[in-house]
Amino acid sequence: MSVIPSDPVIVTVPDIRESAARERREKLSAFLRNWQGVLGLVLVMMFFISAIFAPWLAPYEPNTMDIPSRLSPPVLDHIAGTDQLGRDTFSRLLYGGRVALKIAAIGVSVSLAIGLLLGMIAGLGPRWLDNLLLLLFDAVRAFPTIILALATVALTGPSMEMVLAIVIITSIPQYARVTRTATMSLRNTEFIQAERSLGASTIRILWHHILPNVIGPLLILAAMDVPVVVSVEAGLSFLGLGVLPPTASWGTILNEGYLVIRNAPWMVVAAGIPLILTTLGFTFLGEALRDIFDPRMGKGR
Amino acid sequence: MIAYLTKRLGLSVAVVFLVVLILFSLLQLIPGDPATVALGPRATPEAIARYAEKMHLDAPVWQQFLIYAGNAATGDLGIDVFTERSVTTIILERIGFTLALIFVAMGWAMLLGIPLGCLAAVKPNTWVDRITGILSVGTIAVPSFLVSIWAILIFAVNLRWLPAIGAGEPGDTADQLTHLILPAFAVGLSWVGYLARMVRASMLEVMGETYIRSARAFGLTQRRIVFGYALRVAILPTITLIGMGFGGLISAAVFAEIIFARPGLGKLIFDSVMARNFPVVQGGVLVATTLYLGVVLFSDLLIAWIDPRVRDSL
């Protein structure tokens, strides 16, 4: 007869799985009990759906002019009124969401990827490289976003690509800093030391051990970064430094509305609402996720 | 303390140097004759010749950079293309409007946000706490330029209570103050939320410490404990937040100045960008970033001075 205790093995494996599943269920129910998180999720879904399906949801073409019914107040045919050229503001806001989504998606994912890479290099690399990167991050952060945008626009002129570049450059340091701190605290732990003594390559350690540990906080940070990115786009476009008319973006619609604020005040009101709902949604969602998955992170802010 | 001060100061100087380098190389990146690029298409040939001589454009690039950095370090930021006045003088004329806006905005936000945070921390999980929480997330989520636009719509266009444009008649303090109300409201609003949350979070942590329990055992009043002891410690992370968030404050002030046509530093940079007046853009950006770095440095030093643990850690 074998003396290997087979029973405990059979018992423990499903036990671990079950406890992981239970933990997942607990986190889900904790999230569902958090009304701000649920509201945030709903608003975020609304943002994605309205932006992706804008061509099907919009009652009018965003750039079709209808001069006779220009500057119409909100009526049944135009629920958010029309602008100076008779274009339907509601349809334009839907299309504006596409610009916001595009900038947020590309801006956040690219800056997260670059920040992750630079943070790992700073955390694992030699001391001088770490110091140099930190100095660079500080230098980038020294430019208030709008000031950096103004300096860049002075040279390149306004465009959507310029807005993307600004958003990416200003977002990289925060992702890099979080990654760097996590990498540094992990690199001297026993399991990494053990892995290294077994001959694992740096790439393998980064991919299998550091990445899974740092990706959670980074994604929460990304959710909190979306409102910033979306407001930067809207703000720059409002000032004429970003997306240019006739492209519909929340910023350009605000700009056009601001010019007619005395005659058609509903336009700046309507253009602000999707912006607020989106920033609120991502903020609520990000904070709920942070409270559930990483309670320590909340203390610092 | 001296070692910390030297290290922190050295780091800031290095960052300023890097900022100057970035600003300088931005101008080098654009194709074309540097003098024409720097002065813009509207410059006269004489001005271009004078600029080329003054900037030593025949010298190698690294020498040009050293001359530019040296001039900037001694307070010479070049000359305005159109009026040929000193950029330093122009900036000094305007920066007062920006500083006034920032101080007033921060001032009212602190007067409201800090007590609100204390109140929420002292009565956790009551309706006061919940309303403060919703209020802070709400004010943080609304971008400041939208607050500016909506404030103009409500208070200047509809109610006609307050002026929307300009900084008021020079010399007329009351007029200047009424012109300051709306921009300061717009810039400060999100800070009420930031400060209330930050103070609430650190206050909750401090109120659980043993020395607060001792103070309570000694029979001190709640008011004395909160404002005399707990707030002193709880304010530390808030100072860091104000320092770190100063860049956002400058951004909000720039937006407000442009929207309210207030003749401050932000409006100056914006107008110069539109007119392609590069020396003023360069100088203005340099002053704005240096101002930010100065505030961060100041808040770091303030914390190190109050809290000895920070001093030793760096």
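Every value quoted in this text rests on a predicted model; they were computed, and no experiment measured them.

1. So, the overall build of chain B
- Of the regular secondary structure elements, chain B holds 14 helices and 0 strands.
- Counting from the amino terminus, chain B carries its helices and strands in the arrangement α-α-α-α-α-α-α-α-α-α-α-α-α-α.
- Considered along the principal axes of its C-alpha atoms, chain B spans approximately 80 × 55 × 35 Å.
- Buried residues in chain B amount to 48% of all 314 residues.
- For chain B, the share of sequence-separated contacts (at least 6 apart) that also reach a separation of at least 24 residues comes to 71%.
- On chain B, the mean spot of the 22 positive side-chain charges and the mean spot of the 19 negative ones are 15 Å from each other.

2. Notes on the interface of chain A and chain B
- The interface of chain A with chain B comprises 45 residues on the first partner and 45 residues on the second.
- In this assembly, chain A packs against chain B so that about 4000 Å² is buried in total across both faces, 80% of it on carbon and sulfur atoms.
- At the boundary of chain A with chain B, the tally comes to 1 salt bridge.
- Across the salt bridge formed by Arg197(B) and Glu287(A), the nearest N and O atoms sit 2.6 Å from each other.
- Viewed at the interface, chain B and chain A are joined by 6 residue pairs in polar contact (both at pLDDT 80 or more).
- Sorting the residues of the side of chain A that touches chain B by element identifies helix H2 (35-52), helix H5 (127-141), helix H6 (145-156), helix H9 (202-238), helix H10 (250-259), helix H11 (266-293) and helix H12 (297-300) of chain A as the ones contributing at least two each.
- Per-class residue counts for the side of chain A that touches chain B are 30 nonpolar, 8 polar and 7 charged.

3. Looking at the packing of H9(A) against H11(A)
Residues and elements named next belong to chain A.
- As a packed pair, H9 and H11 sit with axes 7 Å apart at the nearest point and diverge in direction by 165°. The angle between H9 and H11 places the two elements in the roughly antiparallel class. Crossing of H9 against H11: the hand is left-handed. Side by side, H9 and H11 meet where Ile220, Ala223, Met224, Val226, Pro227, Val230, Ser231 and Ala234 of the first sit next to Leu275, Thr279, Phe282, Thr283, Gly286, Glu287, Leu289, Arg290 and Phe293 of the second.
- Among the residues forming the contact of H9 with H11, the class breakdown is 11 nonpolar, 4 polar and 2 charged.

4. Overview of the packing of aromatic side chains
Residues and elements named next belong to chain A.
- Summed over the entire model, instances satisfying the criterion amount to 11 aromatic pairs over all chains.
- Between Phe47 and Trp250, the aromatic rings sit 6.1 Å apart at their centres with planes inclined by 55°, giving tilted as the arrangement. One end of the pair, Phe47, is in helix H2; the other, Trp250, is in helix H10, and 203 residues separate them in sequence.
- Classification of Phe47 as buried rests on a relative accessible area of 5%.
- Relative to Phe282, the ring of Phe47 has its centre 5.8 Å away and its plane inclined at 80°; by these criteria the two rings are edge-to-face. With Phe47 in helix H2 and Phe282 in helix H11, this residue pair connects regions lying 235 residues apart in the sequence. Across this residue pair, the class does not change: Phe47 and Phe282 are buried.
- Put simply, the rings of Phe47, Phe48, Trp250 and Phe282 pair up and form one aromatic cluster.

5. Considerations on the nonpolar core
- Counting residues in each nonpolar core, the largest one holds 152 residues, and the members touching the most others are Ile146(A) and Phe145(B).
- With sequence-adjacent residues up to four places away left out, Phe145(B) is seen in contact with Ser231(A), Ala234(A), Gly235(A), Phe238(A), Leu254(A), Leu275(A), Phe255(B) and Ile259(B).
- In this structure, Cys118(B), Ala121(B), Val199(B) and Met207(B) belong to the second largest nonpolar core, which totals 14 residues.

6. Quick look at the confidence of the model for chain B
Residues and elements named next belong to chain B.
- Of all residues in chain B, 91% attain a pLDDT of 70 or more, and the chain-wide mean is 81.
- At the level of individual helices and strands, chain B shows its lowest average pLDDT in helix H14 (residues 308-313), which scores 63, and its highest in helix H5 (residues 87-122), which scores 88.
- Of the two predicted TM-score estimates for the complex, the pTM is 0.83 and the ipTM is 0.81.

7. Re the environment of Ile172(A)
Residues and elements named next belong to chain A.
- Here Ile172 shows up in helix H7 (residues 160-187).
- Under the relative-accessibility criterion, Ile172 is labelled buried at 12%.
- Each C-alpha atom of the pair Ile172 and Lys102 lies 18 Å from the other, and the pair is 70 residues apart in sequence.

8. Things to note about the packing of H2(A) against helix H4 (residues 89-124) of chain A
All names here are of chain A.
- Two elements in contact, H2 and H4, have axes separated by 8 Å at closest approach and are oriented at 110°. Here H2 lies roughly perpendicular to H4, going by the angle between them. Here Phe47, Phe48, Ser50, Ala51 and Ile52 of H2 lie close against H4, whose contacting residues are Leu94, Gly97, Arg98, Ala100 and Leu101.
- When its residues are assigned to classes, the contact of H2 with H4 shows 7 nonpolar, 2 polar and 1 charged.

9. Regarding the pattern of salt bridges
- Under the defined criterion, the tally for this structure stands at 7 salt bridges over all chains.
- Lys267(B) is the partner of Asp271(B) in a salt bridge, and the nearest nitrogen-oxygen pair spans 3.2 Å. Placement of both Asp271(B) and Lys267(B) in helix H12 (residues 265-274) is noted, with a separation of 4 residues, approximately one turn of the helix.
- Residue Asp271(B) is classed as partly exposed on the basis of its relative accessible area, which comes to 32%.
- A single network of salt bridges, built from pairs that share partners, joins Arg87(A), Arg92(A) and Glu256(A).

10. Here's the deal with helix H6 (residues 127-141) of chain B
- The terminal C-alpha atoms of H6(B) lie 21 Å apart, and with 15 residues this matches the ideal 21 Å at 1.5 Å per residue to within 8%.
- Within H6(B) the residues assigned to the buried category are Val128(B), Asp129(B), Thr132(B), Ser136(B), Val137(B), Thr139(B), Ile140(B) and Ala141(B).
- Tucked inside the fold, the buried residues of H6(B) contact H11 of chain A together with H5 and helix H8 (173-207) of chain B.

Cut-offs applied
- Residues numbered from 1 in each chain as written.
- Chains lettered and ligands numbered in written order.
- Predicted model: local features only at pLDDT ≥ 70, side-chain atom pairs only at ≥ 80, totals over all residues.
- Heavy atoms only, no water.
- Helix = DSSP H or I, 4+ residues; strand = E, 2+ residues; numbered from the N terminus.
- Buried < 20%, exposed > 50% of the residue type's maximum accessible area, 1.4 Å probe, protein only.
- Contact = heavy atoms within 4.5 Å.
- Lys, Arg positive; Asp, Glu negative; His and termini not counted.
- Charge placed at Lys NZ, Arg CZ, Asp CG, Glu CD.
- Buried area = accessible area lost by both parts, 1.4 Å probe.
- Salt bridge = Lys/Arg side-chain N within 4 Å of Asp/Glu carboxyl O.
- Polar contact = N/O pair within 3.5 Å; in protein donor to acceptor, adjacent residues only side chain to side chain.
- Nonpolar A, V, L, I, M, F, W, Y, C, P; charged D, E, K, R; others polar.
- Axes fitted to C-alpha atoms, helices over the stretch in contact; angles between N-to-C directions.
- Parallel < 35°, antiparallel > 145°, perpendicular 65-115°, else oblique.
- Left-handed = near helix turned anticlockwise from the far one by under 90°.
- Phe/Tyr/Trp six-rings, centres within 6.5 Å; stacked < 30°, edge-to-face > 60°.
- Core = buried A, V, L, I, M, F, W, Y, C linked by side-chain atoms within 4.5 Å.
- pLDDT = per-residue confidence, 0-100.
- Expected span 1.5 Å × (residues − 1).

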